[in-house]
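Residue strings, one per chain:
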Amino acid sequence: MTVEKPLFSVLSATRDCLRFVGEMMRSVISQNYDNWEHIIVDDCSSDRTYKRACEIAAKHDNIFVIRNKERLYCGANYRKILSKATGKYCGILDGDDKLRPDSITRMVELYENNPDIDFIWSNHKWGNTKMDRFRNGLSSMAKRGTIYDSEAGLKHVYSHWRTFKTEMRDRGELFRDLKCTVDKDLGYNLEELGQGAFHQRQLYLYRYHNSNMSHNSSQKDMWKKIREHHKNRHRPFKIIEI
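Reading the values: rules and limits
Along each chain, numbering runs from 1 in the same order as the chain's sequence is written. Given that the model is predicted, a residue must reach a pLDDT of at least 70 before its local features are reported, and side-chain atom pairs must reach 80 or more before they are shown or counted; all residues, however, enter totals for whole chains, interfaces and linings. Side-chain descriptors were evaluated using all non-hydrogen atoms of the structure, hydrogens and water having been removed beforehand. Runs of H or I in DSSP of at least four residues are treated as helices and runs of E of at least two as strands, each being numbered from the N terminus. Radius of gyration means the value over C-alpha atoms here, while the globule rule gives 2.2 Å times the residue count to the 0.38 power. Exposure categories follow from relative accessible area, calculated using a 1.4 Å probe and restricted to protein chains: below 20% of the type maximum is buried, above 50% is exposed, and the middle band is partly exposed. In this analysis, two residues are considered to be in contact whenever any of their non-hydrogen atoms come within 4.5 Å of each other. Any pair of Phe, Tyr and Trp rings, taking the six-membered ring for Trp, is counted once the centres come within 6.5 Å. Such a pair is stacked with planes under 30 degrees apart, edge-to-face with planes over 60 apart, and tilted for the rest. Criterion for a charge above a ring: Arg CZ or Lys NZ at most 6 Å from the ring centre, at most 35 degrees from the ring normal. For salt bridges, the criterion is a side-chain nitrogen of Lys or Arg within 4 Å of an Asp or Glu carboxyl oxygen.

(A) The arrangement of the overall build of the protein in detail. Helix and strand counts for the protein stand at 7 helices and 10 strands. Taking 18 Å as the expected radius of gyration for a compact globule of 242 residues, we find that the protein reaches 17 Å, a close match to that expectation. Taking the principal axes of the C-alpha coordinates as reference, the protein spans close to 55 × 45 × 35 Å. Looking at the protein as a whole, 55% of its 242 residues qualify as buried. Long-range pairs, those at least 24 residues apart, make up 80% of the contacts in the protein with a sequence separation of at least 6.

Right, here's the structure in full:
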């Protein structure tokens, strides 16, 4: 008897990423895992991002593209996307990045073989705008036990690829109404709600370009505020490596 593979939900927020949205979507379409859905919510792009995403989605019945009527910004937008997920597991794919061909397969294997794990993040490659040159990314094991403690001094630990069991949304708020640095807040929220794990394999291709916000001063200021918000929260589990 054939056992049906778990549905995996890829969650993408887009805004003004026309140059990259096609590559992003094709990296999901080309997965060697066949039971997935891709939910894309465009946050009022001023370019043709939404139209291009719709053109590609029209050829696939498991890609769903939605356009916000008014700007939600990053946190509220991802909360909206998550509310529409129907898969057993979720993974965040930013609108200008890409997955490796076996990214979903590997993550599903990790979850199915480790049923007590609630969220997993992997290592990634950091690419240039054309994605033709790469260096190692910023993800790493939480060597001080928790993501929060390991990121003291604003040291990156929790980064791409970020995945979690969809049921985590029922345990508490994962995405607050933040305009930036939502990824850091997500990691701290997740480890306050369940058991996390790090996977060393590079399953995600991060694109660095002039239009993204990574590592600027406003992001670091917000990161400090987020850490202050989570300062005295209880983190019941130590991160493990799988």
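(B) Broad picture of the packing of aromatic side chains. Applying the stated rule across the entire model yields 9 aromatic pairs. Centre to centre, the rings of Trp121 and Tyr158 are 5.3 Å apart; their planes meet at 70°, and the pair counts as edge-to-face. On the criterion of sequence distance, the pair formed by Trp121 in strand β6 (residues 119-127) and Tyr158 in the loop between α5 (147-150) and β8 (162-165) is long-range, its members being 37 residues apart. Residue Trp121 shares its accessibility class with Tyr158, and that shared class is buried. With centroids separated by 5.3 Å and ring planes inclined at 70°, the aromatic side chains of Tyr148 and Tyr188 adopt a geometry described as edge-to-face. Here Tyr188 lies in helix α6 (residues 182-193) and Tyr148 lies in helix α5, a separation of 40 residues in the sequence. The pair Tyr148 / Tyr188 is uniform in exposure class, with both members buried. Here the aromatic cluster, defined as three or more aromatic residues joined through ring pairs, consists of Phe119, Trp121, Tyr158 and Phe198. One cation-aromatic arrangement involves Lys125 over Phe134; the distance from NZ or CZ to the ring centre is 5.9 Å. Seen from the ring of Trp126, Arg135 lies directly overhead, with NZ or CZ sitting 4.4 Å from the centre.

(C) The arrangement of helix α3 (residues 73-83) in detail. Those residues of α3 that sit buried are Gly75, Ala76, Asn77, Tyr78, Ile81 and Leu82. Buried residues in α3 make contact with β1 (8-14), β2 (36-42), β4 (89-92), β8 and α6.

(D) Quick peek at the pattern of salt bridges. Under the counting rule described, the total for this entry stands at 20 salt bridges. Two residues, Asp34 and Lys5, come together in a salt bridge whose shortest N-O distance is 3.8 Å. Of this pair, Asp34 sits in the loop between α1 (18-29) and β2 while Lys5 is found in the segment before β1, placing the two residues 29 residues apart along the sequence. Residue Arg235 pairs with Glu192 through a salt bridge whose shortest N-O separation is 3.8 Å. With Arg235 in the loop between α7 (217-229) and β10 (240-241) and Glu192 in helix α6, this pair connects stretches of sequence that are 43 residues apart.

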